[in-house]
Amino acid sequence: MESHEGAAAARDCVLDFSRLSLNTFNADNISGDRKSDTRQLFLNYNRLSSLPSSVSLFYNLEILDISNNGLTDLCEGITRLTKLKTLLAKNNRLDEFSLPKDFGSLQLEVLNFSGNRFEEIPLQCTKLMRLQSLSIGGNRLKSIPAEIEYLTSLEMLYLGGNLISDIPPELAHLPYLTYLVLCDNRIQSVPPQLARLHSLRSLSLHNNLLTYLPREILSLVHLEELSLRGNPLVVRFVKEMIYDPPSLLELAGRTIKSRNIPYCPYDMPYNLVRYLDLASKCPNPKCAGVYFDSCVRQIKFIDFCGKYRLPLMHYLCSPECTSPCSSNPQSDAESEEENSVPADRLQRVLLG
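Here the structure is a predicted model, which means the values were calculated and not measured. All residue numbers here refer to positions counted from 1 along the written sequence of the relevant chain. The predicted nature of this model means local features are confined to residues of pLDDT at least 70 and side-chain atom pairs, given and counted, to a pLDDT of 80 or more, with totals for whole chains, interfaces and linings taken over all residues. Water and hydrogen atoms were dropped before computing side-chain values, which therefore reflect all heavy atoms in the structure.

Tell me what's going on with the confidence of the model for the protein chain, and back it up with residues and numbers.
The quantity known as pLDDT measures the predictor's confidence residue by residue, on a range of 0 to 100. Considering every residue of the protein chain, the mean pLDDT works out to 84; 80% of them sit at 70 or more. Any two residues whose heavy atoms approach within 4.5 Å at even a single point are treated as in contact. Every residue in residues 323-339 is under pLDDT 50, and counting partners more than four places away or in other chains gives 29 contacts.

Run through the side chain of Asp65, naming residues and quoting values.
Runs of H or I in DSSP of at least four residues are treated as helices and runs of E of at least two as strands, each being numbered from the N terminus. Positionally, Asp65 belongs in strand β3 (residues 63-65). Any residue under 20% of the maximum accessible area for its type is buried, any over 50% is exposed, and the rest in between are partly exposed; the area is computed with a 1.4 Å probe on protein chains only. The positive count covers Lys and Arg only, the negative count covers Asp and Glu only, and His and the chain ends enter neither. Any carboxyl oxygen of Asp or Glu within 4 Å of a side-chain nitrogen of Lys or Arg constitutes a salt bridge here. No salt bridge is formed by the buried Asp65; its nearest oppositely charged neighbour, Lys90, is found at 6.7 Å. Those residues in contact with Asp65 that lie beyond four places of it in its chain are Leu41, Phe42, Leu43, Asn44 and Leu88.

Would you mind going over the packing of helix α3 (residues 248-258) against helix α4 (residues 270-277) in detail, with residue names and values included?
Note on geometry: axes are lines fitted to C-alpha atoms, helical ones only across the stretch in contact, with angles between N-to-C directions running from 0 to 180 degrees. Packing of α3 against α4 brings their axes to within 10 Å, and their N-to-C directions diverge by 65°. Between α3 and α4, the crossing angle belongs to the class labelled roughly perpendicular. Crossing handedness for the pair α3 and α4: right-handed. Each of Leu249, Glu250, Gly253, Ile256 and Lys257 in α3 lies in contact with α4, whose residues at this interface are Leu272, Tyr275 and Leu276. Each residue gets one label: Ala, Val, Leu, Ile, Met, Phe, Trp, Tyr, Cys and Pro are nonpolar, Asp, Glu, Lys and Arg are charged, and the others, such as Gly, are polar. Residue composition of the contact of α3 with α4, grouped by class: five nonpolar, one polar and two charged. By definition in this entry, angles of less than 35 degrees are roughly parallel, angles greater than 145 are roughly antiparallel, angles of 65 to 115 are roughly perpendicular, and the rest are oblique. Handedness of a crossing follows from how the near helix is turned relative to the far one, being left-handed for an anticlockwise turn of less than a right angle and right-handed for a clockwise one.

Below you can see the structure in the form of structure tokens.
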């Protein structure tokens, strides 16, 4: 008897107006108690061009699905849904100008804007401190803002099917990120800082413009799935020595980090503190140096899961710093300990 009552109560918490070809949504005929009791509201697969302000009357709403409409903007009223945890708004006509100014005040945990017209990730989205899952796939994004680092609760980031060419190193400041999907973009390189994503289990990079990966990717000890198919990964040994002299900012940063000069956030502007946090250690065990943007890039081939020769990019702090991987950089017979990855490190490697 109690189970039947529980099921009935659960049904009472759901209002489903999906697939009714609605051009507008009028809540006048819904009682105040019903509005108060509603936890899930489904308006997906209709013909709505804007989100009606009456949605704010469902003040206990936790899940709102407005996908597959013709929405071009979201009303200010949505910001009054203080208990809203999940917003599904995929396959509409939304862009970066469609969100209300205070959208970032919501307590969202799941946000799906896939299949819209965003050319930029709205900065309001980077203020959603409780957000755990963000999907903006199949849009027109050209970049990922550095402010993405503010989403420190994020566990899943889906940005596949856009026009993204670069991955910002600030992405490495997401401690709980577990699933990162950047497939079907125009990405040419992966920053070594991503090795700091210690929770990462799945990394999808297929159908991009990658010719190598940073050697630091081997530090992702929890990575179980790496998808690389459809990339122009180099198929023969290539050695590149590319070096841009460090800027005065980088020289100062190197000195502070390599000499362990103490500092705290109150000593300098916030952007400089964040810059110092992005320092990468030189992989040469005989070198105690660090680098930021200026480094020597050198491609090495690694035996990967006993099946592939994967080109990994090694970053060294200066031309004088020799690679730790081999005394003979022209040799393919490198040490097994440094340059092979056992099959159990990755459960799935999708190269083709």
